[in-house]
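# Breakdown of the fold
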Amino acid sequence: MPLLAPSILSADFSRLGEQISIVESAGADILHVDVMDGRFVPNITVGIPVVESIRKITEMPIDVHLMIVEPEKYVVDFVKAGANLVSFHFEAAVHHHRIIEEIKKAGAKAGIVINPSTPVFFLENILEYVDFVLVMSVNPGFGGQKFINSSLKKIKKLKELIEKEKLSTLIEVDGGVKADNVNEVVQAGADIIVAGSAIFKGNIKENVLEFKRRLSYEAG
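Residues numbered from 1 in each chain as written. Predicted model: local features only at pLDDT ≥ 70, side-chain atom pairs only at ≥ 80, totals over all residues. Heavy atoms only, no water.

Its boundaries defined by the atoms lining it, the largest pocket holds a volume of some 190 Å³. Taken together, the residues of the lining of the largest pocket sort by class into nine nonpolar, two polar and four charged. (1 Å grid on protein atoms, 1.4 Å probe; cavity = no way out; pocket = protein on both sides within 12 Å on 5 of 7 lines; lining within 4 Å. Points joined across faces, edges and corners; volume = space filled by probe spheres on them. Nonpolar A, V, L, I, M, F, W, Y, C, P; charged D, E, K, R; others polar.)

Below is the structure:
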């Protein structure tokens with residue numbers, strides 16, 4: 001069954017521990033943490049101390065998505081802070097293989113992220129080395145954006161490439177995914193669904209349960 005990864009970007013940070021506990025007890029699979037530096041994207045969010053704090057209060061795997069320049073300077077520190085999955089943007093780095101190797105050597109799963117305008121074929125020479133690819137279905141930097149529909153074709157192309165190469169690489173999708181379009185995203189080939197405002201706005205527990213119901217139905 002596809003995995004659900006609530007994104008704390010949309011959480012109420014004055015109640016972060018409580019809200020993480022709610023999504024965990026409701027059955028969420030992974031906790032997604034967006035790290036933004038105000039340079040690669042026009043927003044600033046959280047850093048290493050927040051990941052260290054989150055690690056103390058949850059058993060869920062922590063998925064750190066680095067939307068930063070020079071990710072090679074920080075990937076190992078995020079793994080040491082408690083991240084189980086670390087991804088960085090293809091567009092923000094030059095020596096992709098080296099960064100992937102550093103993440104894995106530190107003990108985490110390594111992922112690479114592509115923006116909506118970055119073609120899938122850019123990943124052909126790196127795909128076999130990563131554990132997952134994060135496909136952005138909005139332009140990164142802010143939560144609550146509308147899903148870019150052309151992302152569905154992109155996910156399908158990526159899935160076809162993975163299957164052609166007989167790889168076990170997972171596909172993660174982030175941006176504008178809601179309960180009413182999650183099935184389309186999964187049908188296109190997504191293995192991990194990131195959802196922010198669709199989880200943390202309103203009744204958090206019910207939102208998680210609704211996503212899980214839909215993902216369970218899709219898997220069946």
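On to the UniProt feature "active site" (unreviewed entry) in the protein chain. In this structure's numbering, the residues bearing the UniProt feature "active site" (unreviewed entry) are Asp34 and Asp174. Across 141 residues in sequence, these annotated residues keep their C-alpha atoms within 10.4 Å of one another, forming a single compact spot. Set against the second largest cavity, the annotated residues that line it come down to Asp34. Assignment of secondary structure puts Asp34 in strand β2 (residues 31-36). Ignoring any residue separated from it by four or fewer positions in sequence, one finds Asp34 in contact with Ser7, Leu9, Thr45, Val46, His65, Met67 and Asp174. Among the polar contacts made by the side chain of Asp34, one reaches the side chain of His32 at a distance of 3.0 Å. Mapped onto the elements, Asp174 comes out in strand β7 (residues 170-174). (UniProt positions renumbered as here; feature names shortened; annotations may be inferred. Helix = DSSP H or I, 4+ residues; strand = E, 2+ residues; numbered from the N terminus. Contact = heavy atoms within 4.5 Å. Polar contact = N/O pair within 3.5 Å; in protein donor to acceptor, adjacent residues only side chain to side chain.)

Before going further, it helps to examine the UniProt feature "binding site: substrate" (unreviewed entry) in the protein chain. The sites that carry the UniProt feature "binding site: substrate" (unreviewed entry) are, in the present numbering, Ser7, His65, Gly141, Phe142, Gly143, Gly144, Asp174, Gly175, Gly176, Gly196 and Ser197. Secondary-structure assignment places Gly175 in the loop between β7 and α6 (182-188). In this fold, Ser197 is placed in helix α7 (residues 197-200).

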